[in-house]
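Geometric and topological summary
Residue strings, one per chain:
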Amino acid sequence: MHRTLAALAALLSLTAAPSWGQTLAASLRLSGPAGERTIAAADLADLPRRTLSLTAHGETHVYEGPTLASVLERLDAPLGQRLRGEALKTFVVVRAADGYVVVFSLAEIDPAMRPTAVILADTADGAPLSAEEGPLRIVVEGDARPARSVRQVTAIELRAP
Ligand SMILES: Nc1nc2c(c(=O)[nH]1)N[C@H]1C(S)=C(S)[C@@H](COP(=O)(O)O)O[C@H]1N2
Ligand SMILES: [Mo]
């Protein structure tokens, strides 16, 4: 390709790839007993947000995003007073673009059950997450190691054994 054309193509591909916060550059697959759906940035925008700091490999950053509990409410997860009896076997599978998978029990995530939060972060230190890390990252408060803080989240599944 002609050099000028190649430069123009590169510029166009850059401008055609807006970040998560701007348009539907990425989406999240949510599934539960009622079925599966894909949600976009706009669907997360009005959920209650929290900030959490996470230290990994000697670096600490402040992440912000909707609580995972509020995202799971969109799947009609049995939280709060509904999280009793049979509902306590419910678990949450978080999948990432690189094949990494982490499981939480719903009880670990419910703010009515545990004092520590789990968020689905879309920013770090006030800026959208990088492609290596986001556009969405789980951040778990209170873990001694950051291993469950899943980068590049692609899917969240609500399941029971
Ligand atoms: N998608 C994905 N998320 C992941 C991992 C991974 O391999 N893939 N590794 C985990 C582990 S073991 C650690 S220690 C932290 C590292 O976070 P950092 O990349 O911000 O340093 O990410 C966690 N989240
Ligand atoms: Mo790790």
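Residues numbered from 1 in each chain as written. Chains lettered and ligands numbered in written order. Predicted model: local features only at pLDDT ≥ 70, side-chain atom pairs only at ≥ 80, totals over all residues. Heavy atoms only, no water.

**Things to note about the site of ligand 1**
Which entries qualify depends on this criterion: One heavy atom suffices: a residue is near a molecule or strand as soon as one of its heavy atoms comes within 4 Å of it. Any pair of nitrogen or oxygen atoms within 3.5 Å is treated as a polar contact; in protein, a donor-acceptor pairing is required on top of that, and neighbouring residues in sequence qualify only through side-chain atoms on both sides. Using a 1.4 Å probe, the Shrake-Rupley method yields the accessible areas, and only the shown protein chains count as cover for residues. Cavities and pockets were defined on a 1 Å grid built from protein atoms only: a cavity is a group of points that admits a 1.4 Å probe but offers it no way out, a pocket is an open group of points flanked by protein on both sides within 12 Å along at least five of seven lines, and a lining residue is one with an atom within 4 Å of any such point. For a cavity or pocket, the test is whether more than half of a molecule's atoms lie within 2 Å of its grid points; if they do, the molecule sits there. When residue character is reported, Ala, Val, Leu, Ile, Met, Phe, Trp, Tyr, Cys and Pro are called nonpolar, Asp, Glu, Lys and Arg charged, and the others, Gly included, polar.
As a structural note, the neighbourhood of ligand 1 is formed by Ala56, His57, Ala96, Asp98, Tyr100, Arg137, Pro146, Ala147, Ser149, Val150 and Arg151. For ligand 1, an oxygen atom lies 2.8 Å from a polar atom in the side chain of His57. Measuring from an oxygen atom of ligand 1, one finds a side-chain N or O atom of Arg151 at 2.6 Å. Across the complex, the protein chains shield 75% of the 530 Å² of accessible surface that ligand 1 would expose by itself. Comparing atom positions with the cavity grids shows ligand 1 to sit within the largest pocket. Residue classes in the shell around ligand 1 are distributed as six nonpolar, two polar and three charged.

**Observations regarding unusual backbone geometry**
Most peptide bonds adopt trans geometry, and most residues besides glycine take a negative phi value. Filter applied, for reference: By definition, any uninterrupted DSSP run of H or I lasting at least four residues is a helix, any uninterrupted run of E lasting at least two residues is a strand, and each is numbered from the N terminus.
Of note, the amide linkage connecting Gly134 to Pro135 takes the cis form, showing an omega dihedral of 10°. Within the fold, Pro135 resides in the loop between β9 (127-128) and β10 (137-140). If you check the backbone angles, His57 has positive phi at about 50° while not being a glycine. Locating His57 in the fold gives a position in the loop between β3 (49-56) and β4 (59-66). Non-glycine residue Asp76 carries a positive phi angle of around 60°. Following the sequence through the fold, Asp76 ends up in the loop between α3 (68-73) and β5 (91-96).

**Digging into the sheet that holds β5**
Note the cut-off: Following DSSP output, two strands are said to pair if at least two bridges run between them. The axes used here are C-alpha line fits, helices contributing only the stretch in contact, and every angle between their N-to-C directions lies in the interval 0 to 180 degrees.
On the basis of which strands lie adjacent, the open sheet formed by five strands has the order β2-β1-β11-β5-β6 and mixed pairing. Every interior strand has two partners, whereas the edge strands, β2 (35-39) and β6 (101-105), have only one. Going across the sheet, the axis of each strand differs from the next one's by a mean of 15°, ignoring polarity. Note that β5 and β6 share five bridges and pair antiparallel. The residue of β6 that forms the bridge with Val93 is Val103.

**Description of the sheet that holds β9**
In spatial order, the strands read β3-β4-β8-β9; together these four strands make up an open sheet with antiparallel pairing. Either end of the sheet is taken by a strand with one partner, and the two such strands are β3 and β9. Here two bridges tie strand β8 (residues 123-124) to β9, and the two strands are oriented antiparallel to one another. What sits directly across from Ala124, in β9, is Ala127.

**Digging into the environment of Leu136**
When you line up the elements, Leu136 lands in the loop between β9 and β10. C-alpha of Leu136 to C-alpha of Thr154: the two residues are 18 residues apart in sequence and 8.0 Å apart in space.

**Brief notes about the environment of Glu73**
Relative to the elements of secondary structure, Glu73 occurs in helix α3. For the pair Glu73 and Leu47, spaced 26 residues apart in sequence, the C-alpha to C-alpha distance is 10.0 Å.

**Quick word on the layout of surface pockets**
Just so we agree on the cut-off: Grid points are joined across faces, edges and corners, and a volume is the space filled by probe spheres set on the points.
There is about 390 Å³ of room inside the largest pocket. If you go around the largest pocket, you meet 20 residues; those closest to its centre are Ala56, His57, Arg137, Ser149 and Arg151. Those elements that place two or more of their residues in the lining of the largest pocket are β3 and β4. The leading source of residues in the lining of the largest pocket is β4, at three residues. Here the lining of the largest pocket is built from residues that sort into nine nonpolar, four polar and seven charged.

Scope: geometric values only; no functional claims are made or implied.
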